[in-house]
Amino acid sequence: MTPIRTAGAGLLLSLALAGTAVTQSQAHTQSQSQPQAGYLTNQALSDAANDLDASSTHAWLSTIGSSLAGQPIHLITLGSSKGTASDHPAMLITAGIDGRQLASTETAMRIAQRIVESHTDLLDEMTIYIVPRLNPDGAARNLKPLTMGDPGNTRPVDDDRDRLLNEDAPDDLNNDGYITTMRRLNPPIDDMPTHLADPDDPRLNIEPDTNSKDGEAQHASFTIYPEGIDNDGDGQINEDGFGSVDLDQNFMHRWPEHATHAGRYPLSEPEAHAIAQFVLENDHIVMALTLGRHDNLVNLPQSGAKDISGAAPKEIDAKDSELYKHASELFKETVGYKEAPKHDTAGSFHAWLYAQRGIPSFAANAWARPELESKDETNEAETSTESTDAPAEDVVTTDSELTPSSVGDISMETLEELMDAYEAFTGEPVDQTMMGMITPDMVEQYAAQAGIEIRRVTPQAEPKADQPKSDKPQSDGKPKKKKLSDDAKWLAYFEQAGITGFVDWQPYDHPTLGEVEIGGFVPLAKINPPSSELDPIADKMTAFVVDLIDARPQLSIVGPEIKQLADGLYEVRVSIVNEGAMPTTTAYSQSKRTIRPIVLRLSTPVDQIIKGQRVSRIWGIAPDGGRSDHHWIFRTSSDEDITDITIEINDPRFGNHSITLSQPSAEDQS
Amino acid sequence: MKNRNRTKLCTAGLLAMMALSAPIAHAQQQLPSKVDVSWNRYYDSDEMTTIIRDLVEAYPKLLTLESIGKSEQGRDMWLITLNNPETGEASTKPAMYIDGNVHGNEIQATETVLYAIWYLTKSHGQVEQLTELIDRVAFYFLPSQNPDGRAEWFANPNTPHSARTGQRPTDNDFDGLLDEDPPEDLDGDGHITSMWKIDPNGRYRRNELDPRIIERAPEGVQGNLTRLGSEGIDNDGDGRINEDGPGGYDMNRNWASDWQPNYIQFGAGQHPFDSPETKAVADFILEHPNIAAGQSYHNAGGMILRGPGAKYLDGLYPRSDRAVYDQIGNAGEDLLPYYDYMVLHADLYTVHGGFVNWLSEGLGIVSFTNELWTDSRIMPDPSREFSATERMHWQDRMLFGQTFTDYTEHTHPTHGQVLIGGGTKYSSRVTPPFMLEEACHRNFAFTMFHAGNMPELAFKWIGVEQLDSDLWEITVEIENSKIIPTRLALAQRNKIGLPDLLTLDGPHTVLSGRIRDRHADSINAVTDRPGRLLIDAGIGGQSVSTFRFLVEGDEHDTITLSYTAEKARDIEIEFTLKAGETELGK
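Source: prediction; values computed, not measured. (Residues numbered from 1 in each chain as written. Chains lettered and ligands numbered in written order. Predicted model: local features only at pLDDT ≥ 70, side-chain atom pairs only at ≥ 80, totals over all residues. Heavy atoms only, no water.)

## Examining the sheet that holds strand S5 (residues 127-131) of chain A
Residue and element names in this part refer to chain A.
Right, so step 1: Taken together, the six strands give an open sheet; going across it, the order is S2-S3-S5-S4-S11-S12, and neighbouring strands pair in mixed fashion. Since the sheet does not close on itself, it has two edges, and those belong to strand S2 (59-66) and strand S12 (361-364), each with one partner. Averaged over all pairs of adjacent strands, the angle between their axes in this sheet comes to 20°, without regard to strand direction.
Right, so step 2: Pairing geometry for S2 and strand S3 (residues 72-78), over seven bridges, is antiparallel. Counted as the bridge partner of Thr63 is His74 from S3.
Right, so step 3: In the packing of helix H5 (residues 270-281) onto the sheet, the strands contacted are S2, S3, strand S4 (90-95), S5 and strand S11 (285-291), and the crossing angle to S2 comes to about 130°. (Pairing = 2+ DSSP bridges. Helix = DSSP H or I, 4+ residues; strand = E, 2+ residues; numbered from the N terminus. Axes fitted to C-alpha atoms, helices over the stretch in contact; angles between N-to-C directions. Contact = heavy atoms within 4.5 Å.)

The structure is reproduced here in structure tokens:
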């Protein structure tokens, strides 16, 4: 019952080693060698947003809530005139959910500026909501030079569950102004080496390729750690730093319940809750673009696969493939990124918008590494996306995880199956002392007898990225063209662009690890470009946004066509047509009826309707001329004129309309 | 008659014997409470609040009252903590959380919770077994999770099934209007009963012997009634009747574990805890990690339910955890005749986002939902269904006609001539009031068995051996004498909650670890901060765990061992470093 103690002493120690922090009064970060140089602090972002509000008659600033530490979460509304935002369907652009994705915020702000500068005509058709930075606390942390590159907010999380909070944060041991990584050379027996230097470029760490056919198999020679010391003496380094919940794992769709950084429950974080509330209250949002670490435009999202319940799509439903292909083409034409890393979308914001809110939801990285200049083979190389940096935490889902047991690499699940089989066979439960003495060989024997498949826990749960196979046999005598790994391409790019994205390895005598080398990729260097790139990026992204808006669903009412069939007996047809290139909602939500429909209501009482419904529901209308046809035959009562009858269309997205049935002309009468 | 005399004689004899043997402290099992509550009737939300206040006022040492939030309509969510402060703060003890009535129509759940508070408070200091329980553990009682639904059910005409929902207006039929088509009490009997259309082509008819029974017309016989549903009119003129009444969501699908949206799980809301009631309860539970057991009463069916709510979550109930649930669930079957211990998805139906599922699977709290009341308790032969005639006899001869409204004919605005009548809201699901007290007591007994099996730790044995001049080996056995482990296997696997912690203060610890038993030689040794041994697996139910420390010290050094677990009382022991063994009795 002892409450968690924050290990203040440890934290102070690590801060003392960290060196001077950037003062918040500076509008932009100073050091040009930092990837965050030239990026907006929270204050600067507020200023820019306020400037936009003040200088434009099409932009208004408000907040949707506050962060955990009390920072405002800005909302910029772009519209034709103040107060008419809800009168049009809306697009939502969200950025800065992941605290490292600083470029996404810059891009979102620049898009806002460009729209009010040159595209206000679009605002007559569509409102644009922009939340440039959902995670101001995480951004503030990452804007400091000594950032470890953590995506989350500032919720205290006991990462290593040792009943102490945030007691082992990173340390800049060699005072080079970066938190990088350490290679422990010649690790002792209890610290199994995992990597070796890439023979083609010793700066890079690779995992040993034990299947190497030509030449010797490779052996790992060092272990990798984040730069720091074991502040709390538990044998681990930097395992419990500033703690955080990753906001982009805190939403409802496929919420990874027991993942360390997914939050205590969906929307547990005020930032996530704020934007979810905003979306729920503004059901006139008909499309969304989320800039951050996820992407479904360069690489099409997985279509057709289901989540663990079998009832929801894992990424998208097969019926929406066309929609995403179309958006992907627009993205290629305007922004043209060729690659994007893949992350599990469980609990992410954009996935929730698609799966549960029926919103065509697009996600893109603000920046992609440009193609390398010259060097023939490098451009064609198939990229292995496996990187040896500390990855964004891989999300743990219950559908594929096996639990280790104390018996070799046999999983607990297999052991339990065996115990069940034993019990079923003998009628008695397994003796626990016996279980304590079981060996992997015994398990293999019993499993074979019982016909049970052994499921093992492998030390590396992810398969290694396939080494691209060389296409041709080596008989022509030419030197083998080696394809570059993703990390190698990063190095080449940093060199070409003159960016400090990588710190060369320097020896260091570590207090507990012994001989190490400190170096490696600079946090955020692979995510945020030099600030000089931000304007060109924004130009392209704005063009993409304009294209999306041009593709928006556009409804028109066809009719009413009225025929008088007899005295007081009328036939009426009305169609609602979508001339836009996108559907009104996703095809998935249409089939599952996930969100409220467009409602048509005829004013005629039910007992006078002969064909048709008084209340009709339109769950969605397909693009490019898709239509929803409505057909009624009804009687009017003796004191009622057909012009008294109305059809009410009730729809938050496209607005409410009232159709009056005018008197049919002489030719219409049959 | 005969029996009564015999009982009288027995009692007299017993009293006589007791008079000879010891002074009578109290009349056995007939303890008065300071608060007089009748358990043969039901109480609406206001009356419930009065009983709560009276109990808290009468037993101020044991009971604390707080409102943990407000419902949709502004009613307090009453949380009563029952704890003996003389034996420690509630937060230092394992606690059981007990609530009911998340579905507003499942009314007897509240009386069952109130009964537990009433019985425990009057028993403390009087009944040894319960005194010991109250001194050892804490209770958090929430008599109604849905006070708005409860109030609505009592105040207005309803069926046994309606007012299940919270009372936030909701567009259930997707027509853009909120709660625009509720049922109406057309025959004015104060209940929403059934409505039948008088229809020459109908498939149903009134029973020839007892016209109160409406049955399917036998083959070859023309019926004259068609079922229309509940009584009401088409308020919004859309051709449907009663399709959008008050509320229309299910707060027992609004919890964070395996929460699924509305189109997959009806009534789930837009996200977990989007109702003020569920949010208040969730916040309370998350702030009290000492909660080690949970019960949420519902009606009906005679079930003791545990998760998982969906087949694909079976893996969240590993073997050793299932054994714990089985032991407690099976004990419940003995205490509750005609109740069955069941697994939600397998034996009942799929539930996504259920409350006890969140407690168990999300938070590692051993929890059950009891579905109170089963008709088997009143059937002449529980092995077969009640016949319609037997049902009528019950309601006529035992209940004196109080749960049935006879059919009357009315003119319906759109359906012409209709018959309206049938069972009232008390006619099913709700325990007949005269049987309520026994039902409360039996469920109370099961819940106390459950509570009494929250983990209880004690140091059992300590062995000290001197290995070298200043190297000592300390072996300690800690016993958990109760069924529930300090950490479920699920909690360990999914990193739920905090590991237990065993610390050694005094001389420097070189290494430590868990060992198989006191005779074992090898340890799975921890060398980093070994004086602070984290035990993610906890101590299992009704078992002994053994730990070993190697320390550098001198004879007569003082050693303090402390064990702390989220779901058990902390224990600590101090001793002197000296070779030898010590049995520690309790």
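## Digging into the interface of chain B and chain A
Right, so step 1: Taken together, the contacts link 62 residues of chain B with 55 residues of chain A.
Right, so step 2: Carbon and sulfur atoms supply 53% of the area that chain B and chain A bury against each other, a total of about 4600 Å² over both sides.
Right, so step 3: It is B:Phe174, B:Tyr263 and B:Arg319 that lose the most area in chain B upon contact with chain A, and together they represent 18% of the buried surface on that side.
Right, so step 4: Applying the counting rule to chain B against chain A returns four salt bridges.
Right, so step 5: The salt bridge involving A:Arg601 is made with B:Asp175; its shortest N-O contact spans 3.4 Å. (Buried area = accessible area lost by both parts, 1.4 Å probe. Salt bridge = Lys/Arg side-chain N within 4 Å of Asp/Glu carboxyl O.)

## A short note on the packing of aromatic side chains
Right, so step 1: Enumeration according to the criterion identifies 46 aromatic pairs over all chains in this entry.
Right, so step 2: Grouping aromatic residues by their ring pairs yields a cluster made of A:Trp367, A:Trp490, A:Tyr493, A:Phe494, A:Phe502, A:Trp505 and A:Phe521.
Right, so step 3: In this structure, B:Arg227 packs its charged tip against the face of B:Tyr204, placed 5.3 Å from the ring centre. (Phe/Tyr/Trp six-rings, centres within 6.5 Å; stacked < 30°, edge-to-face > 60°. Lys NZ or Arg CZ within 6 Å of the ring centre and 35° of its normal.)

## A few points about the packing of helix H3 (residues 108-123) of chain B against helix H11 (residues 436-452) of chain B
Residue and element names in this part refer to chain B.
Right, so step 1: Close contact between H3 and H11 brings their axes to 9 Å; oriented N to C, the two are set at 65°. By the angle class used here, H3 and H11 are roughly perpendicular. As H3 packs across H11, the resulting crossing turns out to be right-handed. Contacts from Gln108, Glu111, Thr112, Tyr115, Ala116, Trp118, Tyr119 and Leu120 in H3 reach Leu436, Glu437, Cys440, His441, Asn443, Phe444 and Met448 in H11.
Right, so step 2: In terms of residue class, the contact of H3 with H11 is built from nine nonpolar, four polar and two charged. (Parallel < 35°, antiparallel > 145°, perpendicular 65-115°, else oblique. Left-handed = near helix turned anticlockwise from the far one by under 90°. Nonpolar A, V, L, I, M, F, W, Y, C, P; charged D, E, K, R; others polar.)

## Here's the deal with the confidence of the model for chain A
Residue and element names in this part refer to chain A.
Right, so step 1: This prediction gives chain A a mean pLDDT of 84; 82% of its residues lie at or above 70.
Right, so step 2: Overall, residues 2-32 carries pLDDT values under 50, and its contacts beyond four positions in sequence, including any with other chains, amount to 46 contacts.
Right, so step 3: Across residues 376-400, confidence stays below pLDDT 50; counting only partners more than four residues off in sequence or on other chains, it has 50 contacts. (pLDDT = per-residue confidence, 0-100.)

## A closer look at the sheet that holds strand S4 (residues 138-142) of chain B
All names here are of chain B.
Right, so step 1: Read from one edge to the other, the open sheet built from eight strands follows the order S1-S2-S4-S3-S9-S12-S10-S11, with strand pairing classed as mixed. Looking along the sheet, the strands with just one partner apiece sit at the ends: strand S1 (63-70) and strand S11 (340-343). Adjacent strand axes in the sheet meet at a mean angle of 20°, parallel and antiparallel pairs treated alike.
Right, so step 2: Bridge count between strand S2 (residues 76-82) and S4: three bridges; the pairing is antiparallel. The residue bridging Ile80 from the neighbouring strand is Phe141, located in S4.
Right, so step 3: In the packing of H3 onto the sheet, contacts are made with S1, S2, strand S3 (95-100), S4, strand S9 (291-299) and strand S12 (366-372), and the angle to S4 comes to roughly 145°.

## Comments concerning the pattern of salt bridges
Oppositely charged side chains can pair when the atoms bearing their charge come close.
Residue and element names in this part refer to chain A.
Right, so step 1: Following the criterion strictly, the structure yields 62 salt bridges over all chains and no others.
Right, so step 2: For Asp539, the salt bridge is made with Arg114, and the minimal N-O distance between the two is 2.7 Å. With Asp539 in helix H13 (residues 534-550) and Arg114 in helix H3 (residues 102-118), the pair connects residues that are 425 residues apart, well separated along the chain.
Right, so step 3: By relative accessible area, which is 45% here, Asp539 ends up partly exposed.
Right, so step 4: Ionic contacts of the salt-bridge type, sharing partners, join the residues Glu106, Arg110, Arg114, Asp535 and Asp539 into one network. (Buried < 20%, exposed > 50% of the residue type's maximum accessible area, 1.4 Å probe, protein only.)

## Points about the packing of helix H6 (residues 276-286) of chain B against helix H9 (residues 355-363) of chain B
Residue and element names in this part refer to chain B.
Right, so step 1: Between H6 and H9, the least distance of the axes is 13 Å, while the angle of their chain directions is 30°. Overall, the two elements H6 and H9 adopt an arrangement that is roughly parallel. Where H6 crosses over H9, the two elements pack in a sense that is right-handed. Across the interface between the two elements, Val281, Ala282, Ile285 and Leu286 from H6 touch Phe355, Trp358, Leu359 and Leu363 from H9.

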